[in-house]
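Descriptive structure summary
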Amino acid sequence: MGLDSLTTLAVAHDGPVARVLIDHGELNLMDAAMMGDLWRLVKWLRAAGDHIRVVVLESANPEFFIAHVDLALLQASTDDPEAAVGSFQDLVGAFRALDQLTIGVVAGRVAGGGMELLVNLDLRFAVTGRAVFNQIETGIGVIPAGSGPQHLHRLLGRGRALEVMLAHDDLDAELAERYGLVNRALDAGGAPAFVDRLVGRIATVPLADIAAIKATLAAPDVDTGLAVERSAFAQVLGRGEALPRMQRFLAAGGQTAAGERRLAELVAGLDTTEPA
């Protein structure tokens, strides 16, 4: 499925990295048009296979990452609110279920349903002085129900999740980092280089390995997770790519004092393959 029909997102891909630019009017309002485009993006990524390993979502709008869900959609959902919420849960959950590693880089405001999409991405980064987070729903008479409560509970803990959802107040980048909502708060000058380096390293990992690690984290309890780890490790090792890579690691100086002192650099130089 192509992306020619997208009107609210612009997608560029270079090698195994897809960069998605959210560009939808003054607010990046999550309306029916954006939701349709997000579904088209998900379907394209599902079909891309190992050609795309990392997906980075950013905004073309310096003020807004995603404002929130269009209130017209909420007002129109009164006939069957459970079905409407279920459809939205399916959309944001589809991003969480992707084999690819998804990253949100927030350098503006994000609220409501935009927050719920964000917490379904794998990694989140906030630009200091620019990123603002707000789970707004209780302030407008409803509650967050697009999976936000489940993921905020896991990310922040019960007390902070309750604070964020019930106070419907702004969180800046530093507080979002301290609470665990984002991986890191990054200054505007250093954010692009940091994200590019991170994306470049992750993009060397085969999609099957990324998906395997994500599967281990999705297990409902420790015992199930351990079983998933064993199975995934056996599958990865059985593909036959690991042993040659280990040999390259040893030949490059792995398991020597000099090599281990520059471990991150040494490992980054081992990848000699492109996505199939």
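Positions within a chain are numbered from 1, following the residues in the order the chain's sequence is written. It should be noted that, the model being predicted, local features are given only for residues of pLDDT at least 70 and side-chain atom pairs only at 80 or more, the latter also being counted only at that level, while totals for whole chains, interfaces and linings use all residues. Hydrogens and water are ignored here; the side-chain numbers use all heavy atoms of the structure.

We now examine the environment of Phe 65. Counting from the N terminus, the helices are the DSSP runs of H or I reaching at least four residues and the strands are the DSSP runs of E reaching at least two. Within the secondary structure layout, Phe 65 lies in strand β4 (residues 64–66). For Phe 65, a relative accessible area of 1% corresponds to the buried category. A sequence separation of 38 residues divides Phe 65 from Leu 27, and the C-alpha atoms of the two residues are 8.1 Å apart. Here a residue-residue contact requires only that any non-hydrogen atoms of the pair lie within 4.5 Å. Setting aside anything within four residues of it in sequence, one finds Phe 65 in contact with Ile 22, Asn 28, Leu 57, Glu 58, Ser 59, Val 105, Val 106, Gly 108, Arg 109, Val 110 and Leu 118. For the exposure calls, accessible area comes from a 1.4 Å probe over protein chains only, and a residue counts as buried if that area is under 20% of its type's maximum, exposed if over 50%, partly exposed in between.

A few words on the pattern of salt bridges. When a carboxyl oxygen of Asp or Glu lies within 4 Å of a side-chain nitrogen of Lys or Arg, that pair is called a salt bridge. On inspection of all chains with the given rule, the structure shows nine salt bridges. We note a salt bridge from Asp 122 to Lys 214, for which the minimum N-O separation is 2.9 Å. On the criterion of sequence distance, the pair formed by Asp 122 in the loop between α4 (112–118) and β7 (123–127) and Lys 214 in helix α9 (residues 207–217) is long-range, its members being 92 residues apart. Salt bridges linked by common partners bring Arg 19, Glu 58 and Asp 196 together as one network.

We call a set of buried residues a nonpolar core when its members are Ala, Val, Leu, Ile, Met, Phe, Trp, Tyr or Cys and they connect through side-chain atoms within 4.5 Å of each other. Ranked by internal contacts, the top residues of the largest apolar core, which has 49 residues, are Met 30, Leu 38, Phe 65, Phe 95, Phe 133 and Leu 181. Of all the elements, helix α1 (residues 32–48) adds the most residues to this core, at eight residues. Setting aside residues up to four positions removed in sequence, Met 30 forms contacts with Met 35, Leu 38, Ile 66, His 68, Val 69, Asp 70, Leu 73, Phe 88, Gly 113, Gly 114 and Leu 117. Counting residues in hydrophobic clusters, the runner-up holds 17 residues, among them Leu 101, Val 105, Phe 125 and Val 199.

Take unusual backbone geometry next. With a phi close to 85°, Ser 147 is a non-glycine residue in the positive phi region. Along the chain, the position of Ser 147 falls in the loop between β8 (132–134) and α5 (148–156). Residue classification places Ser 147 among the buried positions, given a relative accessible area of 14%. Phi is positive for His 168, which is not a glycine, with a value near 35°. Within the secondary structure, His 168 sits in the loop between α6 (158–167) and β9 (171–172). Note on His 168: relative accessible area 34%, which makes it partly exposed.

Strands pair, by our definition, only if DSSP identifies at least two bridges between them. Relative to strand β2 (residues 17–22), strand β1 (residues 9–14) runs antiparallel, the two sharing six bridges. By the bridge assignment, His 13 is partnered in β2 with Ala 18. Taking the residues between adjacent antiparallel strands as the criterion, β1 and β2 are bridged by two residues, where Gly 15 takes a positive phi near 65°.

Before going further, it helps to spend a moment on the side chain of Thr 102. As for its position among the elements, Thr 102 is in strand β5 (residues 101–106). Take Thr 102: its relative accessible area is 1%, and that puts it in the buried class. Excluding residues within four positions of it along the chain, Thr 102 makes contact with Val 55, Phe 95, Leu 121, Asp 122 and Leu 123.

Once that is clear, we can look at the environment of Gly 190. With respect to the secondary-structure elements, Gly 190 resides in the loop between β10 (184–186) and α8 (191–202). Residues Gly 190 and Val 127, spaced 63 residues apart in sequence, show a C-alpha to C-alpha distance of 9.2 Å.

What counts as an axis is a line fitted to C-alpha atoms, over the stretch in contact for a helix, and the angles between N-to-C directions run from 0 to 180 degrees. Look at α5 against α6: their axes get within 7 Å of each other, and the N-to-C directions meet at 130°. By the criterion of interaxial angle, the relationship of α5 to α6 is oblique. In this structure, α5 crosses over α6, and the sense of that crossing is right-handed. When α5 is examined against α6, the residues Pro 149, Leu 152, His 153 and Leu 156 are found in contact with a partner set consisting of Arg 158, Arg 160, Ala 161, Val 164 and Met 165. The labels follow the angle: roughly parallel below 35 degrees, roughly antiparallel above 145, roughly perpendicular from 65 to 115, and oblique for the rest. Take the far helix as the reference: if the near one is turned anticlockwise from it by less than a right angle, the crossing is left-handed, and if turned clockwise, right-handed.

Between the rings of Phe, Tyr and Trp (Trp by its six-membered ring), a pair exists once the centres lie within 6.5 Å; its type follows the angle of the planes, with under 30 degrees stacked, over 60 edge-to-face, and the other angles tilted. The final tally for this structure, using the stated rule, is one aromatic pair. The interplanar angle of 65° and the centroid separation of 5.5 Å between the aromatic rings of Phe 125 and Phe 194 together place this pair among those described as edge-to-face. Taken together, the residues Phe 125 in strand β7 and Phe 194 in helix α8 connect sequence positions 69 residues apart. By relative accessible area, which is 24% here, Phe 194 ends up partly exposed.

Taken in spatial order, the six strands of this open sheet run β1-β2-β3-β5-β7-β10, and their pairing is mixed. Each edge of the open sheet carries a strand with a single partner, namely β1 and β10. Sheet twist, expressed as the mean angle between neighbouring strand axes with direction ignored, is 20°. With three bridges joining them, β7 and β10 adopt parallel strand pairing. Along β10, the bridge assignment pairs Ala 126 with Ala 185. The strands touched by α8 within the sheet are β2, β3 (54–59), β5, β7 and β10, with β7 carrying the most contacts at an inclination of about 165°.

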